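What follows is the residue order along each chain.
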Amino acid sequence: MEKAAGSPSVGGSYPQKNAEILSSQYGINLFLAGLLLTFAWAVHAVGISKSHLLSYLITLMLIQLLWMLWYLCRSCTQRRLIRDKDTHAGARWLKCGITLFAVITLILDSFKIGYYIDFSNCLSPTEGIFPITHAVHTILQVYFLWCHAKDIIQSYKTLERFGVIHSVFTNLLLWTNGVLTESKHQLNEHKERLITLGFGNITIVLDDHAPQCNCTTTTICSIFSQGIYYLYPFNIEYHILASTMLYVLWKNIGRKVEHHQQHKTPFKFHGITVGMIFGLMVLTSTIAIVVVYLIQIGGSKIKSELALTMFYLHAIFVLALMCTAGIVALLIYRLEDRSLDNSKNPARKLDAELLVGTAAGSWLLSWGSILAIICAQAHPKYTWYNLPYSVLVIIEKYIQNLFIIESIHREQEKVNDDIKTLRIVTVSRGSTLSLSPSYKEIYNGRAAHDSREVPCLLKGSICRRENGGGAAAKEEKSQENSSVMHSASDFSIYSSNSCTNNKRRILKNIAAFLFLCNLSLWIPPAFGCRPEYDNGLEEIVFGFEPWIIVVNLAMPFSIFYRMHSAASLFEVNCKT
């Protein structure tokens, strides 16, 4: 027992490491089984229907619900015990974000329930049970994450590892199911638009999973069926955020934490007006571009080409601004001499790994577009805008990742804006201490020291004044010189702090601007504005099916990258 409580030993750490390996393998196998089932349904495998996939997902959600209820009940009985918390995990803004996505997910579930009721004659009962189970799962999971995302579990560690990792991969499978369903819908729309761009040599075969019966109320069914696909991006983000928060909880099981004071970093709008204004301008223009793009694309060949040209020009301008802002921020960091925080932090490590890992999705698409432009024999005019766009996507993510990762690893600077204006100065003779004037007095030319106004402090109980003629004058002169020197030192500290505050203000504005830009760039692919589908050049070079597979695999990571970058930049803004 003493070994377990003290420093880690081979006997004490091996069972926990073994449990970590076993639970991770359990989760991976759980995920792979569900992934293959999802793939089998997507390709219309013989003997595999949607009801089989939904039954599997319902079972996983029910198991997670039972585990969360057990954990909540056990926590309620032990609520008086003092538990370790990971102050870096489960930030309040992250909980608010996942709550917002969860509310929209509940609206999606209500749409699915309404859709099932209208088509109940020809749909499997699992399609009605799934949204109900999913809604209950969403409500309880959000409550669980609000209350226990920061927990560092120290009891029932082996059992809890399996429960948490089961929750992680359940959310990943629900994310995969949402991504696949939304991608199939986007692919069907894309196939219908290809003809308008003149690519008639591509065979159009719609991958249709629509019910084989009529709806009881046509108008309501149309609202439900169309609304579902507009709400899927929020459902997708909800599940990936939940899985990352649960993964941090899993990594924290059995962890020993150094107890130190964590400085709160609330978000403040003060000082970031410039970044917010430019960011909101980008956000507004992006929404307008997406609306026009979705209206124009597929209308005719000319309209489609104009929509693609408009999208590329806007994206090139925004990405160039983001690259410039990121370079300025990195140059400011190079001018500062501040150490990095290399302490163990699962949440921070996961953030950095997700940034680089999910950026690979965009890089894959960008390199595919660059290669297609180089190798293609015919180049429509609008495709040339794709070249600088693809290059800037690669460069921008590279610069932004450097900025975010360095920002979250930098030690938080403890800046005191109210500089101490009184400095205790030791006087060599008489063991006397005097208080020097503030830098404000020096700056305003009021540093006139009157011996009657300067208090003196003694280590003893009496404050003695020297009453000698020449000796007193010399001592007073020496004391004044010392005071002026220390006051000048105070003024230099103030100047240095003012320069630091200016740098911080610039960095906060850059972080705010990049935050809104990443939200802006999340909107187009999340809501169907995907030029990788619509320009058609890559599909001619690589072939229709191979390029569609690449896009469907890479696009979810590209979409998640933007939302995760926005979340990380929000944290950077609070921390700076």
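Look up a bit, the structure's there.
Residues numbered from 1 in each chain as written. Predicted model: local features only at pLDDT ≥ 70, side-chain atom pairs only at ≥ 80, totals over all residues. Heavy atoms only, no water.

(A) Structural detail: the overall build of the protein. Within the protein one finds 16 helices and 3 strands. The buried share of the protein, reckoned over its 576 residues, is 48%. In the protein, the proportion of contacts linking residues at least 24 apart, taken out of those at least 6 apart, comes to 85%. (Helix = DSSP H or I, 4+ residues; strand = E, 2+ residues; numbered from the N terminus. Buried < 20%, exposed > 50% of the residue type's maximum accessible area, 1.4 Å probe, protein only. Contact = heavy atoms within 4.5 Å.)

(B) Seen up close, the packing of helix H3 (residues 50-77) against helix H5 (residues 126-148). Packing of H3 against H5 brings their axes to within 9 Å, and their N-to-C directions diverge by 30°. With respect to H5, the axis of H3 lies roughly parallel. Seen along the crossing, H3 lies across H5 with a hand that is left-handed. Classifying every residue of the contact of H3 with H5 by side-chain character gives 17 nonpolar, 10 polar and 2 charged. (Axes fitted to C-alpha atoms, helices over the stretch in contact; angles between N-to-C directions. Parallel < 35°, antiparallel > 145°, perpendicular 65-115°, else oblique. Left-handed = near helix turned anticlockwise from the far one by under 90°. Nonpolar A, V, L, I, M, F, W, Y, C, P; charged D, E, K, R; others polar.)

(C) Just helix H10 (residues 346-375), in detail. With 30 residues, H10 ought to run about 44 Å at 1.5 Å a step, and its terminal C-alpha atoms sit 44 Å apart, in line with that. Remark: the principal bend of H10, roughly 25°, maps to Gly 361. (Expected span 1.5 Å × (residues − 1). Bend = angle between axes of the 7 residues up to and from the residue.)

(D) Region of interest: a nonpolar patch on the surface. A cluster of nonpolar side chains, Val 274, Ile 277, Phe 278 and Met 281, forms an exposed patch at the surface whose accessible area comes to about 410 Å². Following the sequence through the fold, Phe 278 ends up in helix H8 (residues 273-296). Looking at Phe 278, the relative accessible area reads 47%, which means it is partly exposed. (Patch = residues over 30% accessible without salt bridge, like charges linked within 9 Å, V, L, I, M, F, W, Y side chains within 5 Å. Areas by Shrake-Rupley, 256 points an atom, 1.4 Å probe, with all protein chains shown as cover. Salt bridge = Lys/Arg side-chain N within 4 Å of Asp/Glu carboxyl O.)

(E) Fine view of the nonpolar core. The biggest cluster of nonpolar side chains holds 128 residues, and the ones touching the most others in it are Phe 144, Phe 311, Met 322, Tyr 389, Phe 403 and Leu 514. The greatest single-element share of this core, amounting to 16 residues, is contributed by helix H7 (residues 218-251). There are two domains that each give this core at least three residues, and those are domain 1 (15-257) and domain 2 (266-412 + 498-575). (Core = buried A, V, L, I, M, F, W, Y, C linked by side-chain atoms within 4.5 Å. Domains from an automatic or database assignment.)

(F) Looking closely at the environment of Tyr 56. With respect to the helices and strands, the residue Tyr 56 is situated in helix H3. Residues contacting Tyr 56, with those up to four places away along its chain left out, are Leu 30, Ala 33, Gly 34, Leu 37 and Leu 173.

(G) Seen up close, the pattern of salt bridges. Overall, the coordinates contain 5 salt bridges when judged by the stated rule. Its salt-bridge partner being Glu 20, residue Lys 251 comes within 3.6 Å of it at the nearest N-O pair. Remark: Glu 20 occurs in helix H2 (residues 10-42) and Lys 251 occurs in helix H7; sequence separation between them is 231 residues. Judged by its relative accessible area of 18%, Glu 20 is buried.

(H) A look at the environment of Glu 237. Inspection of the secondary structure puts Glu 237 in helix H7. Considered as a pair, Glu 237 and Pro 556 are 319 residues apart in the sequence and their alpha carbons are 9.9 Å apart. Dropping the residues within four chain positions of it, Glu 237 is found in contact with Phe 101, Trp 522, Ile 559, Phe 560 and Met 563. Here the side chain of Glu 237 touches Trp 522 through a polar contact of 3.2 Å, side chain to side chain. (Polar contact = N/O pair within 3.5 Å; in protein donor to acceptor, adjacent residues only side chain to side chain.)

(I) How the structure looks around the side chain of Thr 170. Within the element layout of this structure, Thr 170 appears in helix H6 (residues 157-194). The exposure class of Thr 170 is buried, given its relative accessible area of 1%. Among the polar contacts listed, one links the side chain of Thr 170 to the backbone oxygen of His 166, at a separation of 2.7 Å. The contact partners of Thr 170, leaving out residues within four places of it in the chain, are Leu 60, Met 61, Gln 64 and His 137.

(J) Highlighting the packing of helix H4 (residues 92-118) against H5. Here H4 crosses H5 at 165°, and the two axes come no closer than 9 Å. Accordingly, the angle class assigned to the pair H4 and H5 is roughly antiparallel. Considering how the two elements wind past one another, H4 and H5 form a crossing that is left-handed. Contacts between H4 and H5 involve Arg 92, Lys 95, Cys 96, Ile 98, Thr 99, Ala 102, Thr 105, Leu 106, Asp 109, Lys 112, Ile 113 and Tyr 116 from the former and Glu 127, Gly 128, Phe 130, Pro 131, Ile 132, His 134, Ala 135, Thr 138, Ile 139, Val 142, Leu 145 and Trp 146 from the latter. Among the residues forming the contact of H4 with H5, the class breakdown is 14 nonpolar, 5 polar and 5 charged.

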